[in-house]
Amino acid sequence: RWILRAAERLEAARDRILAANRDDQKEAEARGVDASLAKRLDLAGDKWASMIAGLRDVAALPDPVGEITSMWVRPNGLRVGRMRIPLGVIAIVYESRPNVTVDAAALCVKSGNAVILRGGSEAIRSNLALGEELRAAAQETGVPADAIAVVPTTDRAAVDHLLKQDRWIDLLSPRGGPALIRKVVEQST
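Here the structure is a predicted model, which means the values were calculated and not measured.

## Digging into the overall build of the chain
Stage number 1. Helix and strand content of the chain: 8 helices and 6 strands.
Stage number 2. Of the regular secondary structure in the chain, the N- to C-terminal order runs α-α-α-α-β-β-β-α-β-α-β-α-β-α.
Stage number 3. Across its three principal directions, the C-alpha atoms of the chain cover 70 × 40 × 25 Å.
Stage number 4. When the 189 residues of the chain are sorted by exposure, 39% land in the buried category.
Stage number 5. Once local pairs closer than 6 in sequence are excluded, the contacts in the chain between residues at least 24 apart make up 71%.
Stage number 6. For the chain, the exposed area adds up to about 10500 Å²; of that, 52% sits on carbon and sulfur atoms.
Stage number 7. Charge separation in the chain, taken as the distance between the mean sites of 27 positive and 25 negative side-chain charges, equals 4 Å.

## A short note on the pattern of salt bridges
Stage number 1. Applying the stated criterion across every chain yields a total of 12 salt bridges.
Stage number 2. For Arg5, the salt bridge goes to Glu8, with nearest N and O atoms at 3.0 Å. With a gap of 3 residues between them, Arg5 and Glu8 both fall in helix α1 (residues 2-12), about one helical turn apart.
Stage number 3. With a relative accessible area of 27%, Arg5 lands in the partly exposed category.
Stage number 4. Its relative accessible area of 43% is what places Glu8 among the partly exposed residues.
Stage number 5. One salt bridge connects Glu140 with Arg5, and the closest N-O pair in it is separated by 2.5 Å. On the criterion of sequence distance, the pair formed by Glu140 in helix α6 (residues 124-141) and Arg5 in helix α1 is long-range, its members being 135 residues apart.
Stage number 6. The class of Glu140 is partly exposed, set by a relative accessible area of 39%.
Stage number 7. Counted as one network, the salt bridges with shared partners bring together Arg5, Glu8, Arg9, Arg16, Glu132, Glu133 and Glu140.

## Quick notes on the sheet that holds strand β5 (residues 148-150)
What links the strands of a sheet is backbone hydrogen bonding, and the strands pair in either a parallel or an antiparallel sense.
Stage number 1. With parallel pairing, 4 strands are arranged side by side in an open sheet as β5-β4-β3-β6. The sheet terminates laterally at β5 and β6 (171-175), the two strands that pair on one side only. Here the average twist between neighbouring strands, direction ignored, is 15°.
Stage number 2. Pairing geometry for strand β3 (residues 89-94) and β6, over 5 bridges, is parallel. The residue bridging Ile90 from the neighbouring strand is Leu171, located in β6.
Stage number 3. Here α6 sits on the sheet in contact with β3 and β5, set at roughly 160° to β5.

Here is what the cut-offs are and how they apply
Residues numbered from 1 in each chain as written. Predicted model: local features only at pLDDT ≥ 70, side-chain atom pairs only at ≥ 80, totals over all residues. Heavy atoms only, no water. Helix = DSSP H or I, 4+ residues; strand = E, 2+ residues; numbered from the N terminus. Buried < 20%, exposed > 50% of the residue type's maximum accessible area, 1.4 Å probe, protein only. Contact = heavy atoms within 4.5 Å. Areas by Shrake-Rupley, 256 points an atom, 1.4 Å probe, with all protein chains shown as cover. Lys, Arg positive; Asp, Glu negative; His and termini not counted. Charge placed at Lys NZ, Arg CZ, Asp CG, Glu CD. Salt bridge = Lys/Arg side-chain N within 4 Å of Asp/Glu carboxyl O. Pairing = 2+ DSSP bridges. Axes fitted to C-alpha atoms, helices over the stretch in contact; angles between N-to-C directions.

Honestly, that's just the spatial picture; any functional story needs more than this.
The structure is reproduced here in structure tokens:
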């Protein structure tokens, strides 16, 4: 229900979100950001349609939580199996693709996890606008709004802070270039 409601809310807020996205693009251009990076920022057109369709595709998937993927019996009669369970709190650090905010939130919540999203500074307005709608959809459908969190700062120290939160974050996943991945591997606890 949350994923389908999120798709509806995003569609209803499309103009506001795309305006925030244009502001991100204008600032990136003013800062002289590389053209390929600026292109990844753009949410309009096919990328928007694909993002919304992706939500509906995830909603249509079977619920993975509790699924038993294999079962066998040991010689002593003990049954052993593999069951899919949530990991807990997943933090995802990614660069310049605001559609990842929606994709990652949908996949994490679908699999029973909470998610902390830290996108690139060049997409902060887009990510916050998207996150606002995702959280509102959560509240409307009985999912705790704090199951979806967008880090509201562009300060790089926020990533350093996330990398040290092993008591509160169960998995931190980098999605980006080699420098980001190396930083996460080297500095994460």
